[in-house]
Amino acid sequence: MPGQRAPAPAPFGPGAAAALLAGVVWVQGLASLPGPALVLAWSFCGLRLWCSATRWRWLGAGLVGVGLACAHGAHSLSLRLPDALSGTELRLRGYVTGLPEAGEHARRFAFTVETGEGPAAALAGRRLQLGWYVRPGESLPAIQAGSRWQLTVRLRPPRGVLNPGGFDLERRALERRLAATGYVVEGQRRGPPATLQVLDRRREALSAAISEAVPDARARFVQALALGDTRGLVDHDWAVLRATGLTHLIAISGFHVGLVAGFGALLGQGLWRLLPFLARRWPRPLGTAVLALALSLAYTALAGFALPTVRTALMIAVVVLARLLRRPQGNGQSLALATIAVLLADPLAVLSPGFWLSYLGVAWLLWCLPAGPGQGWWRPFVGAQAVAMLGLLPVGAWFFSQASLPAPLVNLVGIPWISLGVVPLALLGLLLHPLHESAAALAWQAAATLMHWLWLGLEWVAGWPAALAWLPEPAPASLVLALAGAFWLLLPRGVPGKPLAALLFLPLLWPAMDRPGPGEADLLMVDVGQGLSLVVLTQRHVLLYDAGPAPPRGMDFGEAAVLPALRALGVRHLHALVISHGDNDHAGGVDAVRAGLPVGRIIAPAAWARPGMQACLAGQGWHWDGVEFTWLHPTPGFPYLRNDSSCVLRIEAAGQVALLPGDIGRHVEARLARLPARQVRSDVLVVPHHGSDTSSSLDFLAAVRPTLGLLPVGHHNRFGLPNQIVLDRYDRYGTPLLDSAASGAVRLRLGRSGVQVLERLRADRPRYWRDAPAGGTGYAIDPPQRHR
């Protein structure tokens, strides 16, 4: 009636869930967290509004989301290792959490600290990620889930490299409440296994039983699907799964927990029909719901309470609780309650791609596929695949910068094959194992055989040249447009203009790339830790100077940092790859780059170059798109002397000059300093040898006179670089430095407006969980020009 107030929104309805989610997400974009007093004020006001029966309930839910996210974020940051303990030897006692991973010469495992000696006592109760390394020929310790150890360790706060399209280790550490990473110096086993880790010990025992029943490589899929144990999957397996779009199915996921809950519901239906007396004690719908929840919780425990499974189990628990309380609700209300439950339990779950893929997938399906009679079973199934493919494409492209082209067709076969064939057999083996080990082995072998048949087809599909499309790094606005396009396309039939909705996907799938104009060049110093990799882009060409390190017992930065950065820039082909010299910190990632992208020509020092490579020789050069490239070193006949044999490249674009000297030392610098000033004078200098005192001599700096220096260096590296003496030299000449340790990846442009700093990732994309010194550099003032 006129004048009546609109009814207040439901306290736990979709509106409250959306507002709570919006508040939590807003916090994740902050550069720093507000103080405790402000957080408490927001939380108190939010609770008052949320509990009031007014139309402002949604605002209250949003404020509660802000307060919760701030509190959890601050608590997670407070768990991190104090800087005073970083790099020192600490003695700890605790137990192994989860399933330890075994490598060729290493063990990697999560470790929960119980006690510590001296300053390490402050780490009690915190979770660490450790590696235990041995030399070739030495035996690795036997580390089991839940085992207790006394360890001497060296730790550092969680900190990774930061690049376009790359993995954010600090965000993952925040999400998982990880206090530190490090390695074991020495250790001894102490005491009985931890009681709290009985589930992990049971998972480890069952994984060993599967390996014994299926004594070949096929066991890895049964272990993954039955127990969430993906330790046996190698890089090739993940590459095949990405190319075919089945990554979400191969380990225990929320989908599988829902499937088990469905089996529980069917089992309950059967039991109540076979045993009518049960209905006199408990109505069949309630008993069926409880049995579905019980089985889903058991399966979640088998998965080690992985976050995707916990989220699904919470959703099922909410639905079951509503039934037990006799509160009927629709699908939208169930999803809203599950969202609220997950966010109240762990607001940092929004940092995980799995959160968005699972919830948006369910939301799309609930909205687009209402139940209706007379549809059969195949139409809803095919429709679900179409909705999932289209609705989740923007989210997948945003988080992973890739799209599997054959995924829709592969999922039509793969989902029923795995979920209705492989998974039930794997679970049947788990049920039979305590009763009859031989019968369990037969079930596991059947599951492995089924998966092997499917795998042969998946490998064939993954071998297609265009199976996996890598996408450039999208802008936030392009994600919003693509989601709007998906919403438009999934509207009911008869809505006009649907073909136009496809245009909204273009900014996400084919974004406009900021490439330099004719005669200009961009330089991207990739953050590869203690190493070097630098991308040079002209209008139509790409050169990669070095590819970062790939130590035998560490991360291959060519695969983990250089390739994602190139793909984020939209690079599909390298016209030239320069290997300045053969040391691992410069050449280690070359093989990964060559495997991931086609390379036109490879250039290296003549005395080191392998067959098929070209030599870099002083005086030679070429032109690309109005940009001049010239080699200044080594000279013809120069022997291979490792650092001093580095290919020194001079790049001139629009009157601006950049010098890339590799790791040359003082003797080579002295020769270069004697060259005519027009050859060696540069606006941008990549600091030689990462700021070591063996390089950056005063005579060399006096000849080059750089206005800006790029310093490739690892954060708190073991060499103590850059040397303070070297920093003083650059300061003497008034040369500001941008280092990769403090700035992350740095992108410059040599153009008609001079040298412009386009981006420093840590300073220009600040997040409260990232370590980003003020100004973006720890060694010098900001450069004089700034691109806006």
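Please refer to the structure higher up on the page.
Cut-offs used in this document
- Residues numbered from 1 in each chain as written.
- Predicted model: local features only at pLDDT ≥ 70, side-chain atom pairs only at ≥ 80, totals over all residues.
- Heavy atoms only, no water.
- Pairing = 2+ DSSP bridges.
- Helix = DSSP H or I, 4+ residues; strand = E, 2+ residues; numbered from the N terminus.
- Buried < 20%, exposed > 50% of the residue type's maximum accessible area, 1.4 Å probe, protein only.
- 1 Å grid on protein atoms, 1.4 Å probe; cavity = no way out; pocket = protein on both sides within 12 Å on 5 of 7 lines; lining within 4 Å.
- Points joined across faces, edges and corners; volume = space filled by probe spheres on them.
- Nonpolar A, V, L, I, M, F, W, Y, C, P; charged D, E, K, R; others polar.
- Salt bridge = Lys/Arg side-chain N within 4 Å of Asp/Glu carboxyl O.
- Axes fitted to C-alpha atoms, helices over the stretch in contact; angles between N-to-C directions.
- Parallel < 35°, antiparallel > 145°, perpendicular 65-115°, else oblique.
- Contact = heavy atoms within 4.5 Å.
- Core = buried A, V, L, I, M, F, W, Y, C linked by side-chain atoms within 4.5 Å.

Enquirer: Is there a simple way to think about the sheet that holds strand E12 (residues 599–604) in this case?
Expert: In any sheet, the strands associate via hydrogen bonds between backbone groups, in a parallel or an antiparallel arrangement. Overall, mixed pairing links the eight strands, which are arranged E13-E12-E11-E10-E9-E8-E21-E22 in an open sheet. Because the sheet does not close on itself, it has two edges, and the strands there are strand E13 (614–615) and strand E22 (754–760). Across two bridges, E12 lies against E13 in parallel orientation. Across the sheet, the residue bridging to Ala604 is Ala615, located in E13.

Enquirer: Looking at this model, I keep getting lost on helix H6 (residues 219–227). Mind explaining?
Expert: Since the α-helix packs 3.6 residues into each turn, any two residues three or four apart lie on the same face. Most of H6 sits inside the fold, with nine of its nine residues counted as buried. Along H6, the residues that are buried comprise Ala219, Arg220, Phe221, Val222, Gln223, Ala224, Leu225, Ala226 and Leu227. Two residues or fewer past H6, Gly228 is found with a positive phi of approximately 70°.

Enquirer: Sorry if this is basic, but what is going on with empty space enclosed by the protein here?
Expert: Space left empty within the atom packing is revealed by a probe, the size of a water molecule, rolled over the atoms. Here the structure, examined in full by the defined rule, presents one cavity of 30 Å³ or more. One number sums up the size of the largest cavity: a volume of about 40 Å³. Taken together, Phe167, Asp168, Arg171, Arg172, Glu175, Leu351 and Pro353 make up the full set of residues lining the largest cavity. By residue number, the principal contributor to the lining of the largest cavity is helix H4 (residues 169–175), which donates three residues. Across the lining of the largest cavity, the residue classes tally to three nonpolar, no polar and four charged.

Enquirer: Is there a simple way to think about the pattern of salt bridges in this case?
Expert: Pairing between side chains becomes possible if they bear opposite charge and their charged atoms approach one another. Applying the stated criterion across every chain yields a total of 22 salt bridges. Notably, a salt bridge pairs Glu117 with Arg91, separated by 3.3 Å at the nearest N-O pair. Separated by 26 residues along the polypeptide, Glu117 in the loop between strand E2 (106–116) and strand E3 (127–133) and Arg91 in strand E1 (residues 89–102) bring together distant segments of the chain. Accessibility expressed as a relative area gives 47% for Glu117, which makes it partly exposed. A relative accessible area of 31% places Arg91 in the partly exposed class. Between Arg666 and Asp693 there is a salt bridge whose closest N-O contact spans 3.3 Å. Linking Arg666 in helix H24 (residues 666–673) with Asp693 in the loop between strand E18 (684–686) and helix H26 (698–704), this pair joins segments that are 27 residues apart in sequence. Here Arg666 falls in the partly exposed class, since its relative accessible area comes to 42%. A relative accessible area of 25% places Asp693 in the partly exposed class. Linked through salt bridges whose partners overlap, the residues forming this network are Asp514, Asp522, Arg747 and Arg749.

Enquirer: Where do I start with the packing of H6 against helix H17 (residues 437–462) in this structure?
Expert: When two helices pack together, their arrangement is captured by the angle between the axes and the distance separating the axes. Running from N to C, H6 and H17 point in directions that differ by 110°, and their axes come no closer than 8 Å. Classified by the interaxial angle, the pair formed by H6 and H17 is roughly perpendicular. Along its contact with H6, which presents Arg220, Phe221 and Val222, the element H17 presents Trp444, Ala447, Ala448, Met451 and Trp455. In terms of residue class, the contact of H6 with H17 is made up of seven nonpolar, no polar and one charged.

Enquirer: When you look at the nonpolar core in this model, what are you seeing that I'm missing?
Expert: Soluble globular proteins tend to pack their nonpolar side chains together in the buried interior. If you look at the biggest cluster of nonpolar residues, it comprises 44 residues, and the most contacted ones within it are Trp444 and Met451. When residues no more than four places from it in sequence are discounted, the contact partners of Trp444 are Ala209, Ile210, Ala213, Val214, Val222, Leu425, Ala426, Gly429, Leu430 and His433.

Enquirer: For this particular structure, what's the right way to read unusual backbone geometry?
Expert: The bulk of non-glycine residues show a negative phi, and the bulk of peptide bonds are trans. Along the chain, His633 connects to Pro634 via a cis peptide bond; the corresponding omega equals 0°. Within the secondary structure, Pro634 is located in the loop between strand E15 (627–633) and strand E16 (648–653). Of note, the amide linkage connecting Leu721 to Pro722 takes the cis form, showing an omega dihedral of 5°. Looking at the secondary structure, you find Pro722 in the loop between strand E19 (708–711) and helix H27 (724–732). Unlike most non-glycine residues, Ser696 shows phi in positive territory, near 55°. Checked against the element boundaries, Ser696 lands in the loop between E18 and H26. Despite not being glycine, His716 shows a phi value in the positive range, around 50°. Relative to the helices and strands, His716 is located in the loop between E19 and H27.

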